[in-house]
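Observations on chain architecture
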Amino acid sequence: MRLVSAKYGIDMEIRENMVNVLVVEAPDIFSRVIEELMCQIEGEPGTFILSEQDVIKTISKNADMIVNPFRVDCNEKRIQQKLFQELSVIMNESFVERTVYLQGQIILYLEELLQKVPYPLDFDVEGSMPGLLKMCHVEVVNQGDTLVEKIVNYMKALRQFCAIKVIFAVNLKLYLTRTELMELYKFAFYEKMSLILLENSEKGKLEGESICILDKDMCIINVE
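Below is a short write-up of the structure. (Residues numbered from 1 in each chain as written. Predicted model: local features only at pLDDT ≥ 70, side-chain atom pairs only at ≥ 80, totals over all residues. Heavy atoms only, no water.)

Here's the deal with the overall build of the protein chain
- A count of helices and strands for the protein chain gives seven helices and 10 strands.
- Relative to the compact-globule value of 17 Å for 224 residues, the protein chain shows a C-alpha radius of gyration of 22 Å, a clear excess of over 25%.
- Overall, the C-alpha framework of the protein chain stretches about 70 × 35 × 35 Å when taken along its three principal axes.
- Here the protein chain holds 224 residues, and 39% of them are scored as buried.
- Expressed as a percentage of contacts within the protein chain between residues at least 6 apart in sequence, the contacts between residues at least 24 apart total 69%.
- Accessible surface computed for the protein chain: about 13,400 Å², of which carbon and sulfur atoms make up 52%.
- Side chains of the protein chain give 24 positive and 35 negative charges; the mean places of these two sets differ by 2 Å. (Helix = DSSP H or I, 4+ residues; strand = E, 2+ residues; numbered from the N terminus. Rg over C-alpha atoms; globule rule 2.2 N^0.38 Å. Buried < 20%, exposed > 50% of the residue type's maximum accessible area, 1.4 Å probe, protein only. Contact = heavy atoms within 4.5 Å. Areas by Shrake-Rupley, 256 points an atom, 1.4 Å probe, with all protein chains shown as cover. Lys, Arg positive; Asp, Glu negative; His and termini not counted. Charge placed at Lys NZ, Arg CZ, Asp CG, Glu CD.)

Some points on the nonpolar core
- By size, the foremost hydrophobic cluster in this structure holds 38 residues, and its most contacted members are Met155, Leu184 and Leu195.
- Listed by contribution, the elements that provide at least two residues to this core are strand S3 (19–24), helix H3 (77–94), helix H6 (147–162), strand S7 (166–170), helix H7 (178–190), strand S8 (194–199) and strand S9 (209–214).
- Per element, the largest residue contribution to this core is 10 residues, and it comes from H6.
- One finds Ile41, Phe48, Ala63 and Val166 within the second-largest nonpolar core, a separate group that totals 26 residues. (Core = buried A, V, L, I, M, F, W, Y, C linked by side-chain atoms within 4.5 Å.)

Remarks on the sheet that holds S3
- Across the sheet, which stays open at both edges, the six strands sit in the order S6-S7-S8-S3-S9-S10 with mixed pairing between neighbours. Each edge of the open sheet carries a strand with a single partner, namely strand S6 (63–66) and strand S10 (220–223). Adjacent strand axes in the sheet meet at a mean angle of 20° when their direction is disregarded.
- When S7 meets S8, the two strands line up parallel, connected through five bridges. (Pairing = 2+ DSSP bridges. Axes fitted to C-alpha atoms, helices over the stretch in contact; angles between N-to-C directions.)

With respect to the packing of aromatic side chains
- Scanning the model with the defined rule gives two aromatic pairs in all.
- With a centroid separation of 5.3 Å and 80° between ring planes, the pair formed by Phe70 and Tyr175 is classed as edge-to-face. Residue Phe70 is located in the loop between S6 and H3, and its partner Tyr175 is located in the loop between S7 and H7; the two are separated by 105 residues in the primary sequence. (Phe/Tyr/Trp six-rings, centres within 6.5 Å; stacked < 30°, edge-to-face > 60°.)

With respect to H7
- Taking 1.5 Å of rise per residue, the 13 residues of H7 would be expected to cover 18 Å, and the 18 Å separating its terminal C-alpha atoms lies within 8% of that figure.
- Taken as a whole, H7 has its buried residues at Leu181, Leu184, Tyr185, Phe187 and Ala188. Down the axis of H7, the sector holding all buried residues measures 160°, keeping them to one side. Seen from the buried face of H7, the exposed residues on the opposite side, beyond 90 degrees, are Thr179, Lys186 and Tyr190.
- Buried residues along H7 sit in contact with S3, H6, S8 and S9.
- The positive-phi residue at the C-terminal boundary of H7 is Lys192, with phi of around 55°. (Expected span 1.5 Å × (residues − 1). Arc of directions from axis to C-beta.)

Remarks on the environment of Gln81
- Residue position: Gln81 is located in helix H3.
- The spatial distance from the C-alpha of Gln81 to the C-alpha of Ile107 is 25 Å, given a sequence separation of 26 residues.

As for the sheet that holds strand S5 (residues 55–57)
- Across the sheet, which stays open at both edges, the four strands sit in the order S2-S1-S4-S5 with antiparallel pairing between neighbours. The open sheet has two free edges, formed respectively by strand S2 (10–13) and S5, since each of these has just one partner strand. When strand polarity is set aside, the average angle formed by the axes of neighbouring strands in this sheet is 25°.
- In this sheet, strand S4 (residues 49–52) lies alongside strand S1 (residues 2–5) in antiparallel orientation, the contact comprising three bridges. Across the sheet, Leu3 pairs through a bridge with Leu50, a residue of S4.

As for the environment of Leu37
- Along the chain, Leu37 falls in helix H1 (residues 27–41).
- Linking Leu37 and Phe168, residues 131 residues apart in sequence, is a C-alpha distance of 8.8 Å.
- Filtering out sequence-adjacent residues up to four positions away, Leu37 remains in contact with Phe48, Met65, Phe168 and Leu198.

By themselves, these figures tell us nothing about what the structure is for.
See below:
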């Protein structure tokens, strides 16, 4: 897999069992790189190209970004939508009779309820099961006592529900110790996820890292 941007002169080979660290020394360029990647993750156009075996991969379908590791949420909109889709399929395939019965009971309940008010009301039960799941607060458990555990569980949820394979993380080395980083790397390697750290300064090379530095003169320096 490769991450390329002709605009910034970036050409990173993303290898299995390696963590890529992209260091951008100029603050304004660092901000632009993060903003552009975030926009592409949200489905907007940009200059970054993610490819695998010469096939271009849609960044919005294959990547996510951790900007604030303290606010990672296993129930963000994208994950919850996929969870509800999965549960809805199970309802319609393995719980058909129970689902039909429950929908019938909901209809009876709403009909009786709406008769209690003096003005005309209508309702639509079709497709109401995802709404029922939301109403009952069905969600992924946000596990983890430590920051690294919370990040790992978030990445696991993205992998399981959204098939996300690439994670960008901004200045993660500011928050995690060397031991915690190695724990995170080990998890990413095991799950075959590609972890790309976006750092504003070079903070020392750890085992399993491949570092690419975009210096203040817009020159690329690779540190293997």
